[in-house]
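Structure assessment
If you want the building blocks of each chain, they are given just below.
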Amino acid sequence: MSALEEALAAPATADPVRWAERVQGASMELSGDFREHIDITEGPDGLYHDLLQTSPRLSNAVASLTNEHVLICRQVDDLLAVVTAPDDTGAVDGIRDLGTTLLGRLVRHRQRGSELVFEAYQFDVGGET
């Protein structure tokens, strides 16, 4: 995520082709990392399977995060589809808009995932004030 954020924030006016190549590379890396995240969480031995076995009450949260995976993959694919050599500032701005929207969704997804894990594994030791 940080590589994409840095690539998007870099100046594009001096060399838009180089800028787009950097954004594309960071987007491709993010795509691979996110698909690995999906395998780790949704796979047959994944985190969500374990969570649902131990805490079935969290099934709605798991379903929500699983649905987000589809949306995020679509956003990554959309970004990769438009990252070409931008020929004007409008193209750069559009790519930045797609990229920053994607990053925002990823941050929120990560937060919800953290909350899910906390909810599943928190221990009530009681007696403490």
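The text that follows walks through the structure, step by step, so that each part is easy to find.

Reading guide: rules and limits
Residues numbered from 1 in each chain as written. Predicted model: local features only at pLDDT ≥ 70, side-chain atom pairs only at ≥ 80, totals over all residues. Heavy atoms only, no water. Helix = DSSP H or I, 4+ residues; strand = E, 2+ residues; numbered from the N terminus. Rg over C-alpha atoms; globule rule 2.2 N^0.38 Å. Buried < 20%, exposed > 50% of the residue type's maximum accessible area, 1.4 Å probe, protein only. Contact = heavy atoms within 4.5 Å. Areas by Shrake-Rupley, 256 points an atom, 1.4 Å probe, with all protein chains shown as cover. Salt bridge = Lys/Arg side-chain N within 4 Å of Asp/Glu carboxyl O. Expected span 1.5 Å × (residues − 1). Polar contact = N/O pair within 3.5 Å; in protein donor to acceptor, adjacent residues only side chain to side chain. Core = buried A, V, L, I, M, F, W, Y, C linked by side-chain atoms within 4.5 Å.

**A word on the overall build of the protein**
Assigned secondary structure in the protein consists of five helices and zero strands. Helices and strands in the protein line up, N terminus first, as α-α-α-α-α. Relative to a compact globule of 129 residues, whose C-alpha radius of gyration would be 14 Å, the protein shows 18 Å and is clearly more extended. In terms of overall dimensions, the protein has C-alpha extents of about 60 × 35 × 20 Å along its principal axes. With 129 residues in all, the protein has 32% of them scored as buried. Excluding contacts between residues fewer than 6 apart, the proportion of contacts in the protein whose partners are at least 24 apart in sequence is 69%. Here the protein displays about 8000 Å² of accessible surface, and carbon together with sulfur accounts for 53% of that area.

**As for the pattern of salt bridges**
Oppositely charged side chains are able to pair whenever their charged atoms sit close together. For the coordinates displayed, the defined rule picks out four salt bridges. Residues D77 and R35 are paired through a salt bridge, measuring 3.1 Å at the closest nitrogen-oxygen approach. Note that D77 is positioned in helix α4 (residues 59-82) and R35 in helix α2 (residues 16-42), a separation of 42 residues in sequence. Note on D77: relative accessible area 38%, which makes it partly exposed.

**Things to note about α4**
Compared with an ideal rise of 1.5 Å per residue, which puts 24 residues at 34 Å, α4 spans 35 Å between its outermost C-alpha atoms and is within 8% of the ideal. Every buried residue belonging to α4 is among V62, L65, E68, H69, I72, C73, Q75, V76 and L79, and all of these are buried.

**A word on the environment of L79**
Of note, L79 is situated in helix α4. Overall, L79 belongs to the buried group, its relative accessible area being 1%. Taking the C-alpha atoms as reference points, L79 and M28, 51 residues apart in sequence, are found 9.6 Å from one another. Excluding residues within four positions of it along the chain, L79 makes contact with L4, S27, I95, L98, G99 and L102.

**Details of the environment of E42**
With respect to the helices, strands and loops of the structure, E42 is situated in helix α2. Each C-alpha atom, one on E42 and one on H69, is 9.7 Å from the other, the two residues being 27 residues apart in sequence. Those residues in contact with E42, other than ones at most four positions away along the chain, are Y48, T66 and H69. A polar contact of 2.4 Å, which involves the side chain of E42, links it to the side chain of H69.

**Quick word on the environment of R22**
The residue R22 is located in helix α2 in this model. Between the C-alpha atoms of R22 and P11, which are eleven residues apart in sequence, the distance is 11 Å. Excluding its chain neighbours within four sequence positions, the residues that come into contact with R22 are E6, A7 and A10.

**Digging into the nonpolar core**
Judged by nonpolar contacts, the single largest core of 22 residues is most densely connected at L4, L8, W19, V23, I95, L102 and L106. Looking at this core, the elements with two or more residues in it are α1 (2-9), α2, α4 and α5 (89-121). For this core, the element with the highest residue contribution is α2, accounting for seven residues. In this structure, V23 is in contact with L4, A7, L8, V83 and I95, ignoring residues within four places of it in sequence. In this structure, Y48, L51, V62 and L65 belong to the second largest nonpolar core, which totals seven residues.

Honestly, it's all geometry; don't read function into it.
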